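# Architecture and fold: a report
Next come the chains, spelled out residue by residue.
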Amino acid sequence: MALSSNDAFAAASGGGRRRRRGRARRGALSEINVTPLVDVMLVLLIVFMISAPLLTAGVPVELPKTEAGALQDQSQPLTVTIRADGQIFIKEDEVPFGSLAPRLREMAGTNTTKPIYVRADGKAAYAIVAQVMASLSTSGFTSINLITDTGGPSSGAGPADQASNPPAEPDVQ
């Protein structure tokens, strides 16, 4: 008569009793099934990737492209947006040109060095952008910046040329 491994073990230990069958011997599984966790994390990643760009800008405009890099500033600046049709916005509120400077002075308080970012659509009339910037300058604001997208046409200067001759800062007045 041939003995199985379980019978041989039971015979060697001197016990005539058989051990319980396979299922009762096993303990409870205490492993975590990570597949649902990965599924949930991927869904959350996709949701955040889609919703993050929607939270950055209030008024949609098509910014012109330049080769200049992005500025790193942590404070909340005042943003003036000029759409292609000439409408002017402070943050997300439409403002007529005549009340632009008083409204910005009211928002900035006594801090006229607070940076103001002008986001003008690439198709906006140059005259409107120039008038807005002149109005800001004559109102006493000293830090006026134009916002552009990166990746535009090159001015012809290579990386070595830019390192030795940094571009002059534009005079905003």
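Presented here is an overview of the structure given in this document. The structure displayed is predicted, hence computed values, not measured ones. (Residues numbered from 1 in each chain as written. Predicted model: local features only at pLDDT ≥ 70, side-chain atom pairs only at ≥ 80, totals over all residues. Heavy atoms only, no water.)

The subject of this paragraph is unusual backbone geometry. For Lys91, which is not glycine, the phi dihedral falls at a positive 55°. Taking the relative accessible area as the measure of exposure, Lys91 reaches 44% and is therefore partly exposed. (Buried < 20%, exposed > 50% of the residue type's maximum accessible area, 1.4 Å probe, protein only.)

Burial analysis of strand E5 (residues 116-120) places 5 of its 5 residues in the buried class, the great majority of the element. Neither face of E5 is exposed, since Ile116, Val118 and Ala120 on one face and Tyr117 and Arg119 on the opposite face are all buried. With 5 bridges connecting them, strand E2 (residues 78-82) and E5 associate as parallel partners. By the bridge assignment for E5, Ile82 is matched with Ala120. Here E5 runs beside strand E6 (residues 144-146); their pairing, made up of 3 bridges, is parallel. What sits directly across from Ile116, in E6, is Ile144. Of the crossover connections in this fold, the one passing from E5 over helix H5 (residues 126-138) to the parallel E6 is right-handed. (Helix = DSSP H or I, 4+ residues; strand = E, 2+ residues; numbered from the N terminus. Pairing = 2+ DSSP bridges. Right-handed = clockwise from strand over helix to strand, strands pointing away.)

Evaluated as defined, the whole model comprises 4 salt bridges. Put simply, Lys123 and Glu62 hold a salt bridge, and the shortest N to O gap is 3.5 Å. Here the residue Lys123 occupies a position in the loop between E5 and H5, and Glu62 occupies one in the loop between helix H3 (35-51) and strand E1 (65-66), the gap between them amounting to 61 residues. Taking the relative accessible area as the measure of exposure, Glu62 reaches 52% and is therefore exposed. In this structure, Lys65 and Asp149 form a salt bridge, with 3.7 Å as the shortest nitrogen-oxygen distance. (Salt bridge = Lys/Arg side-chain N within 4 Å of Asp/Glu carboxyl O.)

Our next topic: the sheet that holds strand E3 (residues 88-90). Taken together, the 5 strands give an open sheet; going across it, the order is E4-E3-E2-E5-E6, and neighbouring strands pair in mixed fashion. Bordering the open sheet on either side are strand E4 (93-94) and E6, each of which pairs with just one other strand. Where H5 meets the sheet, its contacts fall on E2, E3, E5 and E6, and the angle it forms with E6 comes to roughly 160°. (Contact = heavy atoms within 4.5 Å. Axes fitted to C-alpha atoms, helices over the stretch in contact; angles between N-to-C directions.)

Right, let's get into helix H4 (residues 100-108). Where H4 is concerned, the buried positions are Leu100, Ala101, Leu104 and Ala108. Seen end-on, H4 carries its buried residues on one side only, within an arc spanning 90°. Along its buried surface, H4 packs onto E2, E3, E5 and H5. A positive backbone phi angle near 70° is found at Gly109, which sits one or two residues after H4. (Arc of directions from axis to C-beta.)

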